[in-house]
Amino acid sequence: MGADVRLLTAPFDPAAELAAFTAAHPQAGGVVSFLGQVRADGAVEVLELQHYAPLTLPGMTALGQAVLGRWALDGVLILHRSGVMAPAEPIVLVAAAARHRRDAFAAADFAMDHLKSESWFWKREKAGGAWRWIEPREADYADLARWG
Amino acid sequence: MAMLVFLGRLADLAGGPAREVMGGPLDSVLAGLEPDLALALLDERVRIALNGELVGERSITLQAGDELAFLPPVSGG
C-alpha cells in the first residue's frame, strides 16, 4: 500500500488527517501516530521551519518508500510543516497502519528519527523579538544510529 | 550568471537567501565573497546541491543558469 507524504505550508488539522488516514486503512489492526507541536514554554513567540524545495519533499517521499520497504504496512502518513508556526501549532504528523502493532510502532519511530536528523529542514525560533537558529542535537544523531 | 542559495543560518550570514554570481570554478566564486561567508560555506558539515542534486565533491565549475545551494546541518521535526 502507499505512502501519503506531504510538505505543508499552511496549518493543518492533525485529528482530521489521522481520521482520514485511519478510514483509508480499515484492514489495519493497528495505527500508531506521532504528533510534534511547537512547545509553549513561555519565551518562544514563534517557530519557523525553512525547506529547500528541490530536496525536501523528494527526501520525504524517499523516506516514505523506505518505511514501506522495511515493515509490513498497510500505509504510512508523513506530514511536515514549513513556514511560521505559533506555540501549540502542529509541526509534524507521522502515522503507520499495519496488521500488527509492533510494525506500526517501529515504522512511526523510524520515520520520526529520520525526519528529525536527515530531512531538509532548518528551524529557528523567535524569543524576545530575536531569532535564534536551532542546532541539531547529539541525541538526534544517536536516535538515528539505532536503525543501523 | 549563476545563483548561490543559502539555507538556514547561512542566509543570515549572506544577508539574504540567494545571490547572483559570475560562473566559474567554485574556489574562485567563493574567493569573491566576504571572507566570513566564504569560511562558513567551506565548513565540512555544509553539504552542497547543484541544480537540486546533492554533490559530494566541491571541485565543480558553475555554468550560467546553475543553482548551487549550501545546506548547513538540518534540524527538522
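Residues numbered from 1 in each chain as written. Chains lettered and ligands numbered in written order. Predicted model: local features only at pLDDT ≥ 70, side-chain atom pairs only at ≥ 80, totals over all residues. Heavy atoms only, no water.

This next bit is on the sheet that holds strand β3 (residues 44–51) of chain A. All names here are of chain A. Pairing is antiparallel in the open sheet, where four strands are placed in the order β5-β3-β7-β8. Two strands close off the open sheet at either side, each with one partner strand: β5 (83–85) and β8 (130–133). Each adjacent strand pair in this sheet contributes to an overall mean axis angle of 25 degrees, direction not counted. Taken together, the four bridges between strand β7 (residues 121–127) and β8 define a ladder with antiparallel strand orientation. Bridged to lysine 126 within β8 is tryptophan 131. (Pairing = 2+ DSSP bridges. Helix = DSSP H or I, 4+ residues; strand = E, 2+ residues; numbered from the N terminus. Axes fitted to C-alpha atoms, helices over the stretch in contact; angles between N-to-C directions.)

Turning next to the layout of surface pockets. All names here are of chain A. In this model, the second largest pocket occupies a volume close to 330 Å³. In this structure, the second largest pocket is lined by 18 residues; those nearest its centre are His114, Ser117, Glu118, Ser119 and Trp120. Listing elements by their share of the lining of the second largest pocket, those giving two or more residues are α2 (53–70) and α3 (101–118). The greatest single-element share of the lining of the second largest pocket, amounting to six residues, is contributed by α2. (1 Å grid on protein atoms, 1.4 Å probe; cavity = no way out; pocket = protein on both sides within 12 Å on 5 of 7 lines; lining within 4 Å. Points joined across faces, edges and corners; volume = space filled by probe spheres on them.)

With 28 residues, the main nonpolar core has Val67(A), Trp71(A), Leu73(A), Ile78(A), Ile91(A), Val94(A) and Leu115(A) as its most contacted residues. At the level of elements, β3, α2, β4 (75–81), β6 (90–98) and α3 of chain A are the ones that each hand at least two residues to this core. No other element matches the seven residues that α3(A) contributes to this core. Formed by 21 residues, the second largest nonpolar core is a distinct cluster that contains Val29(B), Leu33(B), Leu37(B) and Leu50(B). (Core = buried A, V, L, I, M, F, W, Y, C linked by side-chain atoms within 4.5 Å. Buried < 20%, exposed > 50% of the residue type's maximum accessible area, 1.4 Å probe, protein only.)

With that out of the way, let us pick up the packing of aromatic side chains. Residues and elements named next belong to chain A. Within this structure, the stated rule accounts for five aromatic pairs over all chains. Between tryptophan 71 and tryptophan 147 the ring centres are 5.8 Å apart and the planes differ by 90 degrees, which places this aromatic pair in the edge-to-face class. Of this pair, tryptophan 71 sits in the loop between α2 and β4 while tryptophan 147 sits in the segment after α4 (138–145), and the two are 76 residues apart along the sequence. Taking the centre distance of 5.2 Å and the plane angle of 80 degrees together, the rings of phenylalanine 110 and tryptophan 147 count as edge-to-face. Residue phenylalanine 110 is found in helix α3, and its partner tryptophan 147 is found in the segment after α4; the two are separated by 37 residues along the sequence. Grouping residues by exposure puts phenylalanine 110 and tryptophan 147 together as buried. An aromatic cluster is present here, built from Trp71, Phe110 and Trp147 joined pairwise through their rings. Here the basic side chain of arginine 124 rests over the ring of tryptophan 131, its NZ or CZ set 3.9 Å away from the ring centre. (Phe/Tyr/Trp six-rings, centres within 6.5 Å; stacked < 30°, edge-to-face > 60°. Lys NZ or Arg CZ within 6 Å of the ring centre and 35° of its normal.)

Further remarks concern the pattern of salt bridges. By the definition in use, this model includes ten salt bridges over all chains. Via salt bridges that share partners, Asp4(A), Arg6(A) and Glu17(A) belong to a single interconnected network. (Salt bridge = Lys/Arg side-chain N within 4 Å of Asp/Glu carboxyl O.)

A few words on the interface of chain B and chain A. Opposite the 18 residues of chain B that make contact, chain A presents 25 residues. Looking only at chain B, the three residues that lose the most surface to chain A are Val74(B), Ser75(B) and Gly77(B), adding up to 38% of its buried area. Seen at the junction of chain B and chain A, the total is one salt bridge. For Glu135(A), the salt bridge is made with Arg9(B), and the minimal N-O distance between the two is 2.3 Å. Of all the secondary-structure elements, those providing two or more residues to the side of chain B that touches chain A are α1 (9–14), β4 (47–50) and β7 (67–71) of chain B. (Contact = heavy atoms within 4.5 Å. Buried area = accessible area lost by both parts, 1.4 Å probe.)

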